[in-house]
Amino acid sequence: MSNAWDNGAYVDLDLPDYEKFLIDLETARDGRTFNPAEVDSIQPRADRIWMSGIKKALLNGDTDNVTGIMNNPGFTGSKDGWKYDFVSGDNKFNYGYNMGEVYQTVCDVYQELEGLPNGTYEVTLQGFYRPTLNSTCASAWGLEGDTTNDILAYAFGNNTKAKLCHPFECVQDTNTVNNCEQLTAGGAELEGKWTPNGMASAAAIMEANPDAYKLSFKCYVEDDGKLRVGITIPQAGLARYWALFDNFQIKYAGADDMSGAVSTINALIAEATDLLNNEEALTTEEAKQTLGAAIEAANNAIAEGLTLETYKAQNEALNAAIKGGHDAMSAASAFETLVTEHINNFDTGVYDPYSSKAEYGKFQDLLLDEMEPALAQSLESIKWIEDATMKIDKAYATMVSTDIDFTGASINAPADVTAMIQSPSFSVPDPNDPSKELSSIKGWVTTEGNNANATGAQSYEFYVGKGDADIHQVLYALPKGYYRLVYNGFYRAGGAVEAAVAHRDSTDARNAKVYVEAGDGKWSKELASIFDHVNEYKYDGGDFALADSLFPESDKLYHFVVNNVNGTKAAFDEGLYEGNFSFYVSENGQPVTIGVSKKEVIPNDWAIFDNFRLYYYGDGDANKPGDFTSAIEDAVTDGKANVVSTAWYTINGVRVDEPKQRGIYIRQDLMSDGTKKSVKVIVK
């Protein structure tokens, strides 16, 4: 710690409390009075005292250097100290030539500094964003309406963002370190010039010219003392988009300096204004009015002189309006796609099988007379979009139901009514080649908390994410009666090895479930464990081999589990990991929600599912399935608790779906009052 101080940015700074702490440590060490039990607390205590001293020095004006408390601000030899939040794409955050790099990846790369005094901070760095291939960028350079060269990567400090530079802002006359590309388009400004085409040339250019690709902005730290600073790429760009960044530096401008707060609010005003003035994207009148009001209020607050209180209020209002603007655009875009697809299906004959039915004409009239004209202008609100979407879904379901014979269904001859589910296998026919399928979640509503994705293998997964994950759709026009929902799916409670250990020890969680809600009724079933089907052979080259010791009761020669969507598809195609349960629709046409959810997050956990099928048994006690449990009756009645769910275990504690061989099993019932009851069952 003494050496770090002597060789660091604050070597000339007077930090009396930290110096006393180090002296006391040395005295305790030399006098052999130090308590070894306290060794783990030394560094945390040192960090607190160090930051307290730096904060005092910043407030007293003894230093303005904040870079010194960053960890590896120049990516020297590594990317240590930088956090990486991956969202989507190629998952490539690298370093080299003492600089950071992100390639074709939506993500945040950042550090979080704490314990800082409130006030304005100035952030500088070098960095650029290449929107796509250099040749493609050059061909579009300077053209009217050029969007190819839009910068989609930003440096940020808390709520202030600044666009990274474009690589063409510092073109070279020569091929720097033989790692540049010569441009052949772009007019006199670019033709014949050289632009970086790799980390080696970019690093050489930035080192030779500290102003190359340099950007600077001010941000504001509030009373919580936190500064989150780094790079964000919030959306995917064109093919081969690429960002490089280096040499972060931070200076403190003072607690009384509100210029950082003004910069933050101005940046948010600019972002809100861009949304408001975007004439290309469909949105809602409600979102436009909210954006306009937030922009006006923020400009007035700046004109009157920002205070900490007005800064917080305008910051919150602008961020809410911006989020609302993006949400409105997303909702409007999805609605436009929905209406357009249905109209195209009428035009191309996809819905011709229903053309003799009155519901065909009613649905077409709804689209052409009400929905299509609404797209010609800003939509009213997200609530209007939700209501209109429900009307469309109801009309579509009613039309589809006319081609299904519900009347003859019974427990012995169920009707296949899977057609009432939109994209039940997360795919739709390719419009250019109907013999092929494209991945799709048409009809489903999702939350992206867990990197929920429709995969290239036409399945759906929740993989390594944060927070709740859910995907569902609402079914309409179903007649009253009993149904069975069938699907394929499994859950892995962590990485393959960690989850296998937990499974062996009977401690693996089942955090993902399939559910149905109809009226007051709610039914659900946990997805199977990935270890319910361990194989001696591979379904795909990516399948994972597990140690034999993790399966002490197995006599298999090898133990493989699927480890990607392709292997999973092969397993699902063989009918593995199938689950099902029955439910009841109590009224004709009652909305029925089917879905999959995951509430808890385990590092590297994985849920994947596909192939939803729906069967109708008819109504009446004669058609009541043997496994049916009234979800309404799951509540405690007359002081007695009922069984909510059941889990089966072998006598050795290994969890199984259900007893399939002779032997002794333990049935564990979860009761509606939260208690558990265990019963020993002998299967002969």
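Our structure's up above, just so we're on the same page.
Note that the coordinates shown come from a computational prediction; the quantities given were computed from them, not determined experimentally. (Residues numbered from 1 in each chain as written. Predicted model: local features only at pLDDT ≥ 70, side-chain atom pairs only at ≥ 80, totals over all residues. Heavy atoms only, no water.)

Engineer: Tell me about the overall build of the protein chain, and name the residues and values.
Structural biologist: In terms of regular secondary structure, the protein chain is built from 12 helices and 30 strands. With the C-alpha coordinates aligned to their principal axes, the bounding extent of the protein chain is approximately 85 × 75 × 55 Å. Going through the 684 residues of the protein chain one by one, you find that 45% of them count as buried. If you take every contact in the protein chain between residues at least 6 apart in sequence, the share linking residues at least 24 apart comes to 70%. When the accessible area of the protein chain is evaluated, it comes to approximately 33,600 Å², of which 47% is carbon and sulfur surface. Both charge centroids of the protein chain, one from 55 positive and one from 101 negative side chains, sit 8 Å from each other. (Helix = DSSP H or I, 4+ residues; strand = E, 2+ residues; numbered from the N terminus. Buried < 20%, exposed > 50% of the residue type's maximum accessible area, 1.4 Å probe, protein only. Contact = heavy atoms within 4.5 Å. Areas by Shrake-Rupley, 256 points an atom, 1.4 Å probe, with all protein chains shown as cover. Lys, Arg positive; Asp, Glu negative; His and termini not counted. Charge placed at Lys NZ, Arg CZ, Asp CG, Glu CD.)

Engineer: An account of helix α12 (residues 565-573) is needed here, citing residue identities and associated values.
Structural biologist: Those residues of α12 that fall on the buried side of the exposure criterion are V565, G567, T568, A571 and F572. What you see down the axis of α12 is that its buried residues fit within an arc of 155 degrees, all on one side. Along its buried surface, α12 packs onto β16 (460-463), β18 (481-492) and β26 (606-618). Between a side-chain oxygen at the N-terminus of α12 and the backbone nitrogen of N566 the separation is 3.1 Å; the capping residue is N564. Positive backbone phi, at 90 degrees, marks G575, one or two positions downstream of α12. (Arc of directions from axis to C-beta. Polar contact = N/O pair within 3.5 Å; in protein donor to acceptor, adjacent residues only side chain to side chain.)

Engineer: Can you tell me about the pairing of strand β20 (residues 521-526), naming the residues and giving the values?
Structural biologist: When a strand is regular, its side chains alternate between the sheet's two faces. Here strand β19 (residues 512-518) pairs with β20 via six bridges, running antiparallel. Within β20, the residue paired with E517 across the bridge is K522. Between the end of β19 and the start of β20, which pair antiparallel, lie two residues, with G519 showing a positive phi angle near 60 degrees. (Pairing = 2+ DSSP bridges.)

Engineer: Lay out the pattern of salt bridges with the relevant residues and their values.
Structural biologist: Summed over the entire model, instances satisfying the criterion amount to 22 salt bridges. Salt bridges here are not isolated pairs; linked through shared partners, they connect K83, D85, D108, E112 and R228. (Salt bridge = Lys/Arg side-chain N within 4 Å of Asp/Glu carboxyl O.)

Engineer: Explain the sheet that holds strand β17 (residues 469-475) residue by residue, including any values.
Structural biologist: The five strands are arranged β14-β17-β25-β19-β20 in an open sheet whose pairing can be described as antiparallel. Every other strand in the sheet has two partners, leaving β14 (445-447) and β20 as the edge strands with one partner each. Within this sheet the neighbouring strands show an average axis-to-axis angle of 15 degrees, counted without direction. Relative to strand β25 (residues 592-598), β19 is paired through seven bridges, and the arrangement is antiparallel. When the bridges of β25 are listed, V516 appears paired with I594. (Axes fitted to C-alpha atoms, helices over the stretch in contact; angles between N-to-C directions.)

Engineer: How would you summarise the side chain of Q458 if you had to cite specific residues and measurements?
Structural biologist: Relative to the helices and strands, Q458 resides in the loop between β15 (453-454) and β16. With a relative accessible area of 18%, Q458 lands in the buried category. In this structure Q458 touches S425, F426, S427, E437, L438, S439 and D610, once residues within four positions along its chain are discounted.

Engineer: So, the state of the cysteines: which residues are in play, and what are the values?
Structural biologist: Applying the stated criterion to the full structure yields zero disulfides. With no disulfide of its own, C137 lies 14 Å from the sulfur of C165, the closest cysteine sulfur. On the accessibility criterion, C137 (0% relative accessible area) is buried. For the unlinked cysteine C170, the closest cysteine sulfur is that of C165, found at 8.8 Å. (Disulfide = S-S within 2.5 Å.)

Engineer: Requested: an account of helix α3 (residues 42-60), with residues and values cited.
Structural biologist: The end-to-end C-alpha distance of α3, which contains 19 residues, comes to 27 Å, matching closely the 27 Å that a straight helix rising 1.5 Å per residue would cover. Listed in full, the buried residues belonging to α3 are I42, A46, W50, M51, G53, I54, A57 and L58. Taken end-on, α3 shows its buried residues confined to a sector of 165 degrees, consistent with a single buried face. Exposed positions of α3 whose direction lies more than 90 degrees from the buried face are R48 and N60. Note on α3: the residue one or two positions beyond its end, G61, has a positive phi of about 80 degrees. (Expected span 1.5 Å × (residues − 1).)

Engineer: Talk me through the packing of helix α2 (residues 16-30) against α3; I want residue IDs and the actual numbers.
Structural biologist: Running from N to C, α2 and α3 point in directions that differ by 155 degrees, and their axes come no closer than 8 Å. In terms of their interaxial angle, α2 and α3 are classed as roughly antiparallel. In this structure, α2 contributes D17, Y18, F21 and L25 to the contact, and α3 contributes I42, R45, A46, I49, W50 and K56. A class-by-class count of the residues in the contact of α2 with α3 yields seven nonpolar, no polar and three charged. (Parallel < 35°, antiparallel > 145°, perpendicular 65-115°, else oblique. Nonpolar A, V, L, I, M, F, W, Y, C, P; charged D, E, K, R; others polar.)

Engineer: I'd like a description of the nonpolar core, backed by residues and values.
Structural biologist: Of all hydrophobic cores here, the largest spans 67 residues; its most connected members are L485 and F612. Sorting elements by how many residues they give to this core places helix α10 (residues 382-401) first, with eight residues. Of all hydrophobic cores here, the second largest spans 64 residues; its members include A153, C170, W242 and Y252. (Core = buried A, V, L, I, M, F, W, Y, C linked by side-chain atoms within 4.5 Å.)

Engineer: Account for the packing of aromatic side chains, naming residues and giving values.
Structural biologist: Under the defined criterion, the tally for this structure stands at 46 aromatic pairs. Judged by centre distance (6.4 Å) and plane angle (65 degrees), the rings of Y584 and F628 are edge-to-face. Taken together, the residues Y584 in strand β24 (residues 578-585) and F628 in the loop between β26 and β27 (643-650) connect sequence positions 44 residues apart. Given a relative accessible area of 13%, F628 falls into the buried group. Within the aromatic cluster, the residues linked to one another by ring pairs are F406, Y482, Y483, W523, F583, Y584, Y616 and F628. We note K161 situated over the ring of Y154; from NZ or CZ to the ring centre the distance is 4.4 Å. In this arrangement the basic side chain of R228 is found over the ring face of Y110, its NZ or CZ atom lying 3.8 Å from the centre. (Phe/Tyr/Trp six-rings, centres within 6.5 Å; stacked < 30°, edge-to-face > 60°. Lys NZ or Arg CZ within 6 Å of the ring centre and 35° of its normal.)

Engineer: Please give an account of unusual backbone geometry that cites residues and values.
Structural biologist: We note that Y213 has phi near 55 degrees; this positive angle belongs to a residue other than glycine. In this fold, Y213 is placed in the loop between α5 (199-208) and β8 (214-221). Taking the relative accessible area as the measure of exposure, Y213 reaches 3% and is therefore buried. Phi at S423 is positive, roughly 40 degrees, even though this residue is not glycine. With respect to the helices, strands and loops of the structure, S423 is situated in the loop between β11 (415-416) and β12 (427-430).

Engineer: I'd like to hear about the pairing of β17, residue by residue, with values.
Structural biologist: Burial of β17 is extensive: five of the seven residues sit out of reach of the surface. Note: β14 against β17, three bridges, orientation antiparallel. Its bridge partner lying in β17, T447 is registered against D470. In terms of strand pairing, β17 meets β25 through seven bridges, oriented antiparallel. When the bridges of β25 are listed, V474 appears paired with T593.

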